[in-house]
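Results of the structural survey
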Amino acid sequence: VLGPYYEGTPTGTANVNNGGDGGGYFPTSSFQASLRTAEAFGRFSYDIDDNVQAYVNLIASESGNMADWSATTINPGKGRGNIFYTNNPYLPAAAQAALQAGNPGNTFMMTDFFDYIGDKTALETGDDFRTGAVDRNLSATGGLSGNLLNRYTWDLYYTHGESRQEVYTPNNENVEKFLAGEDAVIDPSSGKVVCHISLTAYASRFPGCVPINPFGAHSLTQEMFNWYTDRTSYVASNILDDVGGSITGDLFQLPAGAVRGALSAEARWQTLEVESAFDPAIFPDCTGLRLCTPSAALHDQPVLAPMTASNDVYEFAAEANVPILKDLPLIQSLSADLAGRYTDYSTSGVAETWKIGLDYHVNDTVRFRGTASVDIRAPNLYDLYAPLGIATAGFIDNLTGGNFNIIQRSSGNPNLTPEVAHTHTVGVVLTPDFLPGFTASVDYFRINMSNAITTINGSTSNIQNLCIASGGTSPYCSLVNRPFPYTNTTLANFPTSYSIESFNSAKVFTEGSDIELDYSFEMADLFSDVPGSVALRNMTSYQPHITTTAYPGASPTFTAMPKTRNTTFISYNLGSWGFNLQDTWFSGFTQVTAPGQVYV
């Protein structure tokens, strides 16, 4: 024990743990978050004539999420300054002597968490030092809909939407300034504590440098805190213009009935823009700094690089309902639903999807239905072009055996292609004659998704092993930057950086069933003098698992979620008045996310 604020045992380079305020509760943790929301909606419609209607929809919403934040943690895992000279003037003489004993390097390492500066001081002064995000969404849609030849219905629309998110950190640690301030010395001419760099030829790099005292409870002052923190922020905006139209109606007659068809077309233009005054690719400049980690990120909390990306999408779709049989023994009706869609993404290419469904009515009581479809989700602009983010993190290298802090990069992947899912459903609908107003249905679904987009971390042990086994030819090897080929297993080939990036490498499987019960009746059927009607509805969804395999050879992971969800609606309608009650229940669930895990 080195003193009232220091714990640890000096061995080689001494390790000192400053507990700060102590205890397990930190009043400036991000758990103290607040959320505010505001929404507005307006609709205007006008009947131009008996066959054409015009309409305009306006939507605006804003939400803000704010949380307290302790900006400073002196921690080697962060790649920031955690090394101090043993003659630091802020250290008591006894601590200096104890740290210097048997310590030829005259430096020591310390981990410290400042939970008492920044936000608490801001609350006392009335300033707002909380970190947060503000989301704003604006949308305007105008359109025309109508009837053509008393046979077809049609619609045309245009939408312009803007979604904007501002993320800000008012007290983001500037690592350069912290490194300059933590190297405190005595100025021989004045006898005052100053920054070491202020006494060198590089003093102009940090004018007004404030020496930092992180030793002891509440030793860090607001002036010190203000010196080494910056307000960082970025604004991400999505702009969407969407124009489309459709026409629906009966095409021609078959013996079993009319063939009904629909055609639709749509074009979308989208832009993603990130505005930021900070570049994550800028690293600390160690010129003149004695205690410096060149590979550390310049700011503690990630900042985004400015970027702009856009794409355009063109879609054409056709649908048809084809009656096949009607009014035969055990076949009241049999029809098929056919649909196909052609989509051209300027960023990820052409996608073709389709759906086939059968609807079989045995009689008025029993109906069977089923579908088979191929569905896609194309990567969005953020998936493709997410701006570069840089942080510092530890890397345990399976190739060389090294374990050091290096640069961690995260960004989008412009080579992503659409996710593809094969979906199958089958179900039965019952409407018994003996209980008018009652309907029950049970449907089973099964979904196999391939080419699913998942985030791959280059530091993951299994990913490293895949690269090592391939001799550097695996596509995942691009996530780790090394000075030499994989044949070099010496420490000289330790990575200089690694990436976190999305790949089309996952497979996802899920299945389950949906049960729905509906019953409606007039109150007069039960009590002749009671007006109004009642509608009861109960929906149960059972989904026992969602299993994901992130990449070939990876162990499957399970999504921790309730297997069963049940929602009940009760509605009582009396003329123009309605009263509604809704109750939703979730089952318990296991938290096991991988084979072999055991939770108690």
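Data block above holds the structure.
Here's what I pulled together on the structure shown here. Note that the coordinates shown come from a computational prediction; the quantities given were computed from them, not determined experimentally.

1. A look at the pairing of strand β11 (residues 229–254)
Sheet topology note: the strand β8 (residues 152–173)/β11 ladder contains 20 bridges and is antiparallel. Paired with Trp 154 across the two strands is Ile 247, which belongs to β11. Sheet topology note: the β11/strand β12 (residues 257–276) ladder contains 20 bridges and is antiparallel. Among the inter-strand pairings, Leu 254 is bridged to a residue of β12, identified as Gly 257. Connecting β11 to the next strand, β12, in antiparallel fashion are two residues.

2. Remarks on the side chain of Thr 564
Its place among the elements puts Thr 564 in strand β25 (residues 564–574). Setting aside residues up to four positions removed in sequence, Thr 564 forms contacts with Thr 540, Ser 541, Tyr 542, Trp 585, Phe 586 and Ser 587.

3. Points about the state of the cysteines
Per the stated rule, a full pass over the model turns up two disulfides. Here Cys 195 engages in a disulfide with Cys 209; their sulfurs sit 2.2 Å apart. Measuring the twist about the S-S bond at about -85°, one finds the Cys 195-Cys 209 disulfide to be left-handed. A residue pair is termed long-range when its members are at least 10 positions apart, and Cys 195 in strand β10 (residues 193–195) and Cys 209 in the loop between β10 and α4 (222–228) qualify at 14 residues.

4. Structural notes on a nonpolar patch on the surface
Residues Phe 44, Tyr 46, Ile 48, Val 56, Leu 58, Leu 144 and Leu 156 make up a contiguous nonpolar surface patch of roughly 670 Å² in combined accessible area. Going through the elements one at a time, β2 (33–47) and β3 (52–67) are the ones with two or more residues in the nonpolar patch. Its location among the elements puts Ile 48 in the loop between β2 and β3. By relative accessible area, which is 47% here, Ile 48 ends up partly exposed.

5. A look at unusual backbone geometry
Although it is not a glycine, Leu 149 adopts a positive phi angle of roughly 60°. In this structure, Leu 149 sits in the loop between β7 (131–148) and β8. Residue classification places Leu 149 among the exposed residues on the basis of a relative accessible area of 69%. Positive phi, close to 65°, is recorded for Leu 330, a residue that is not glycine. Tracing the backbone shows Leu 330 in the loop between β13 (307–328) and β14 (331–345). Of the residues examined, Leu 330 reaches a relative accessible area of 65% and is grouped as exposed.

6. Concerning the packing of aromatic side chains
Applying the stated rule across the entire model yields 15 aromatic pairs. Summarising the aromatic geometry, the rings of Tyr 519 and Phe 521 are spaced 5.3 Å apart at their centres and angled 40° between planes, so their arrangement reads as tilted. Its relative accessible area of 26% is what places Tyr 519 among the partly exposed residues. Aromatic rings pair up to connect Phe 395, Phe 404, Phe 494 and Tyr 498 into one cluster. Sitting over the ring of Tyr 486, Arg 482 keeps its end group 5.0 Å from the ring centre.

7. Examining the pattern of salt bridges
With the rule as written, the count across this model stands at 16 salt bridges. Measuring nitrogen to oxygen at the nearest pair gives 2.7 Å for the salt bridge that ties Arg 369 to Asp 443. Placement of the pair is Arg 369 in strand β16 (residues 366–377) and Asp 443 in strand β20 (residues 438–457), with a sequence separation of 74 residues. Given a relative accessible area of 29%, Arg 369 falls into the partly exposed group. Residue Asp 443 is classed as buried on the basis of its relative accessible area of 16%. Of the charged contacts in the structure, one is a salt bridge between Arg 537 and Glu 516, with a shortest N-O distance of 2.9 Å. Taken together, the residues Arg 537 in strand β23 (residues 533–549) and Glu 516 in strand β22 (residues 497–522) connect sequence positions 21 residues apart.

What counts and how
- Residues numbered from 1 in each chain as written.
- Predicted model: local features only at pLDDT ≥ 70, side-chain atom pairs only at ≥ 80, totals over all residues.
- Heavy atoms only, no water.
- Pairing = 2+ DSSP bridges.
- Helix = DSSP H or I, 4+ residues; strand = E, 2+ residues; numbered from the N terminus.
- Contact = heavy atoms within 4.5 Å.
- Disulfide = S-S within 2.5 Å.
- Patch = residues over 30% accessible without salt bridge, like charges linked within 9 Å, V, L, I, M, F, W, Y side chains within 5 Å.
- Areas by Shrake-Rupley, 256 points an atom, 1.4 Å probe, with all protein chains shown as cover.
- Salt bridge = Lys/Arg side-chain N within 4 Å of Asp/Glu carboxyl O.
- Buried < 20%, exposed > 50% of the residue type's maximum accessible area, 1.4 Å probe, protein only.
- Phe/Tyr/Trp six-rings, centres within 6.5 Å; stacked < 30°, edge-to-face > 60°.
- Lys NZ or Arg CZ within 6 Å of the ring centre and 35° of its normal.

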